[in-house]
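A closer look at the structure
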Amino acid sequence: MAAAARTPSPLALPLSLGEVEQLTRWRRDLHAAPELSLHEHDTQDYVRKALLDIGFSPVESLGGTGLVVRLGRGDTPRCLLLRADMDALPVHELTGLPFASRTPGRMHACGHDGHMAILLAVARRMFAHAQEISGTVVFAFQPAEEIGRGALAMIEDGLLERPKVDHALGLHLWTGLPTGVVSAVPGPVMAAVDEFTVTVRGRGGHGALPHTAIDPIVAAAAVVQALQTIASRRTDPLDPVVVTVGSIHGGTAFNVVADEVVLRGTVRSFSKALAQRLPGLLDEVARAAAAAHGATAETSYSRHTIALHNDPTTTRRVAGIAASTSGVTAVDDQMRMMAGEDMAYILDRVPGCFFFVGCGGEGAEPHHSPRFRIDEAALPVGAQVMLGAVAAYFTDGAR
Ligand SMILES: [Zn+2]
Ligand SMILES: [Zn+2]
């Protein structure tokens, strides 16, 4: 005899037309009013009002311009964090959309407007069915993702402590995937983002008398080449790493040997062991390459975000839920990228899943482009997968 079908949780029922319209309205309002990292004041006010209108109270400020609300009976210690980021970029929007940015030089060019709208839609649905939550759900609206500082600021303000969060979910709209495709990949998904500066010093002189000077430009050229051998010769090819020199500055005239050259760049990696090794390796290679030309190299190295690792069990559950969610046509379990994401700091402390919701397809513009635009049909897909994952977390013990 077949087992009786379980009644689906009201949390996971398809969004109504009214819910989708509200979700789209929220997204368009937020899209028109982008603010930069750590300056999300109007955004904070807008989201606070939306949460108060839904019925949440209190709405707590956290991490500066972030917001948190909590929901549930709290009758078990289980506590699930749902997170959306809030900030926009210093990009001048060129989409020509009727709800395009009203602020010149500022644009929601990464989709964080959509992330906030999706989390509001999820919060609204869950508020109406709070009795389904046998524990606590924490809704976190996080500032300053683009500069890698918001998640840490909220964690330092106690985001994961009151009550103690045991799992976390987050999503990113992704134009690199067509609408309908969801990507939930176990393990490392997004890279550690590091920034470095190498100052190559020589001794300035006459361009016609190189033997009386030490040319830091030739030395810097050697350093640029040598840094590429970190990826090709010094690290395991199965442990990905990218080294990019993004800027070179040195010299003042065609016939003068410069005194110094400054290189700036970024290093990306996945594994913790490699991330630990990289600052020393970069320094060693830069010094040696410069020394071969009689110059010196001094490096400074800082980490913006650590790599984002998805918990395999949670992620497989989310993938399974996505596969049976209406509007989802395919679930990918392979997509990893060397871009960074500061939800990594949350997933470093509690297991969880950060998944991608396709909103692009053919002709889609990349994130951070002034012509970036999402297919709004992806918004309810993202909300639906999130709601399904929350329902499963509380009804199946899915973790
Ligand atoms: Zn971005
Ligand atoms: Zn983003």
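Residues numbered from 1 in each chain as written. Chains lettered and ligands numbered in written order. Predicted model: local features only at pLDDT ≥ 70, side-chain atom pairs only at ≥ 80, totals over all residues.

1. Thoughts on the domain arrangement of the protein chain
Entries for the protein chain in the domain assignment read domain 1 (10–189 + 307–395) and domain 2 (192–305). Of the residues lining the interface, eight residues belong to domain 1; the matching set on domain 2 comes to 10 residues. Across the side of domain 1 that touches domain 2, the residue classes tally to four nonpolar, two polar and two charged. (Domains from an automatic or database assignment. Contact = placed C-beta atoms within 7 Å. Nonpolar A, V, L, I, M, F, W, Y, C, P; charged D, E, K, R; others polar.)

2. Observations concerning the nonpolar core
Side chains that are nonpolar tend, in soluble globular proteins, to be buried together. Membership of the largest hydrophobic core comes to 94 residues, with the highest contact counts inside it found for Leu82, Ile118, Leu119, Val122, Val357, Met386 and Val390. The element best represented in this core is helix α9 (residues 378–395), accounting for 12 residues. Residue contacts for Val357: discarding those within four places in its chain leaves Leu171, Leu173, Trp174, Val182, Ala378, Val381, Gly382 and Val385. By size, the runner-up hydrophobic cluster in this structure holds 26 residues, among which are Ala226, Leu263, Val267 and Ala295. (Core = buried A, V, L, I, M, F, W, Y, C linked by C-beta atoms within 7 Å. Buried ≥ 20, exposed ≤ 12 C-beta atoms within 10 Å, placed from the backbone. Helix = DSSP H or I, 4+ residues; strand = E, 2+ residues; numbered from the N terminus.)

3. Comments concerning the sheet that holds strand β10 (residues 241–250)
Hydrogen bonds along the backbone pair up the strands of a sheet, which may run parallel or antiparallel. In space, the four strands of this open sheet follow the order β10-β12-β8-β13, with antiparallel pairing throughout. Looking at strand neighbours, the two that pair on one side only are β10 and β13 (296–305), the edges of this open sheet. Within this sheet the neighbouring strands show an average axis-to-axis angle of 20°, counted without direction. As judged from the nine bridges shared by strand β8 (residues 192–201) and β13, these two strands associate in the antiparallel manner. When the bridges of β13 are listed, Phe196 appears paired with Tyr301. Along the sheet, helix α5 (residues 216–234) contacts β8, β10, β12 (260–269) and β13; its crossing angle with β10, the most-contacted strand, is approximately 170°. (Pairing = 2+ DSSP bridges. Axes fitted to C-alpha atoms, helices over the stretch in contact; angles between N-to-C directions.)

4. Remarks on the sheet that holds strand β3 (residues 79–85)
Within the open sheet, the eight strands sit side by side as β1-β2-β4-β3-β5-β16-β6-β15. Their pairing is mixed. Edge positions in the sheet fall to β1 (60–62) and β15 (330–332), since each of these pairs with one other strand and no more. Going across the sheet, the axis of each strand differs from the next one's by a mean of 25°, ignoring polarity. Pairing geometry for strand β6 (residues 181–183) and strand β16 (residues 352–360), over two bridges, is antiparallel. In the strand pairing of β16, Ser183 is matched with Phe356. The sheet strands contacting helix α7 (residues 312–323) are β5 (167–178), β6, β15 and β16, and the helix crosses β16 at an angle near 35°.

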